[in-house]
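Inside the fold
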Amino acid sequence: VYDLALSPENSAQLFLATQQGLFQSLDGGRNWKRPLDWPQKEPVEFVAFLSFDRSLLLMGTERELFFSKDDGHSFESGFSLSPRTEEESDVFEFEEEVVSFAVRFSSAAYSSKHSSLWVGTSEGVYESRDAGVTWAKLSESGLEDKRIDDLAYSEKSGTLFAATPRGVFHFHPAKKSWQRIEAGLAHAPVSLALQISGSGEEKLLIAAGNSIYEWALPQPGMESPSFFVPSPERIELFKKLISLEPNAREI
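Residues numbered from 1 in each chain as written. Predicted model: local features only at pLDDT ≥ 70, side-chain atom pairs only at ≥ 80, totals over all residues. Heavy atoms only, no water.

The final tally for this structure, using the stated rule, is nine salt bridges. One salt bridge in this structure joins Arg104 and Glu62, with 3.5 Å as the shortest N-O distance. Here Arg104 is found in the loop between strand S9 (97-101) and strand S10 (105-111), whereas its partner Glu62 is found in the loop between strand S5 (56-61) and strand S6 (64-68), with 42 residues between them in sequence. By relative accessible area, Arg104 is classed as partly exposed at 31%. With relative accessibility at 27%, the residue Glu62 sits in the partly exposed group. Note that Arg129 and Glu127 form a salt bridge whose closest N and O atoms lie 3.0 Å from each other. The class for Arg129 is exposed, based on a relative accessible area of 55%. Residues joined in a network through salt bridges with shared partners are Glu144, Arg166 and Arg180. (Salt bridge = Lys/Arg side-chain N within 4 Å of Asp/Glu carboxyl O. Helix = DSSP H or I, 4+ residues; strand = E, 2+ residues; numbered from the N terminus. Buried < 20%, exposed > 50% of the residue type's maximum accessible area, 1.4 Å probe, protein only.)

Laid out in structure tokens, this is it:
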């Protein structure tokens, strides 16, 4: 099981994204069946009801997004990833077996106040500002690993978060850059969720390893910490300076 979606209009209706396809329940999860218009058994990575349109169901397979406006009775393709050529794919050999890791979808997040959607892939994040009609790839500046394992969006602060093998990052739209959250994680994060307490404090919950971590989001009005992303030229200069440093034996 990869994901679960609960209908905002009917609490007895659920959709389940699994490795063996999409399943639907009309009785609160006691019985499950495949939607009539989606009999395929290919893996479904995520499924969600979009709150800016209460009747719109989003579903993502490994390589394509689908939308349903009639509770899963029919699906329309909304966005697909272009297949890589053999030269572009990451290909690895394991004991004479060739395995190719092509770009694929992994997760999704959305804004209930705006018609905005974000989808995570193994090659970065794509954004739609018009409810999935058109898409554009977000900048990768500051993102230390392009593989996105999960996404979460804070309506309160207007911040997009991404879980990657190198940690959790949040996006700065004005600077078009990502910044790592120093949350003291002992393992790579795999799942994100947002929680708002009764006092209005918002926390980002991070699942990593055997633990759940809490990271308190800055309150509105608080100044965000500034950060500096060096240019590729400065990084190369820094590497050269390090190479000129004497080692311990020479000192």
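Now for the pairing of S6. Burial analysis of S6 places four of its five residues in the buried class, the great majority of the element. Relative to S6, S5 is paired through four bridges, and the arrangement is antiparallel. Its bridge partner lying in S6, Leu57 is registered against Ser68. Counting the residues that bridge the hairpin from S5 to S6 gives two residues. Pairing analysis gives four bridges linking S6 to strand S7 (residues 76-80), with the strands arranged antiparallel. In the sheet register, Glu64 faces S7, and the bridge partner there is Ser80. (Pairing = 2+ DSSP bridges.)

Here the focus is the nonpolar core. Ranked by size, the top nonpolar core spans 14 residues in total, and within it Leu58, Leu65, Phe79, Phe105, Val119 and Trp135 carry the most contacts. If you list the elements that add at least two residues to this core, you get strand S4 (44-50), S5, S6 and strand S11 (116-121). Contact partners of Leu65, with chain neighbours within four places excluded, come to Phe46, Leu58, Met59, Gly60, Glu76, Ser77, Gly78, Phe79, Phe105, Val119 and Trp135. Trp118, Leu138, Tyr153 and Phe171 belong to the second-largest nonpolar core, a separate cluster that totals 13 residues. (Core = buried A, V, L, I, M, F, W, Y, C linked by side-chain atoms within 4.5 Å. Contact = heavy atoms within 4.5 Å.)

Bringing unusual backbone geometry into the picture now. For Ala131, which is not glycine, the phi dihedral falls at a positive 60 degrees. When you line up the elements, Ala131 lands in the loop between strand S12 (124-128) and strand S13 (136-137). According to the relative accessible area criterion, Ala131 is partly exposed, its value standing at 26%.

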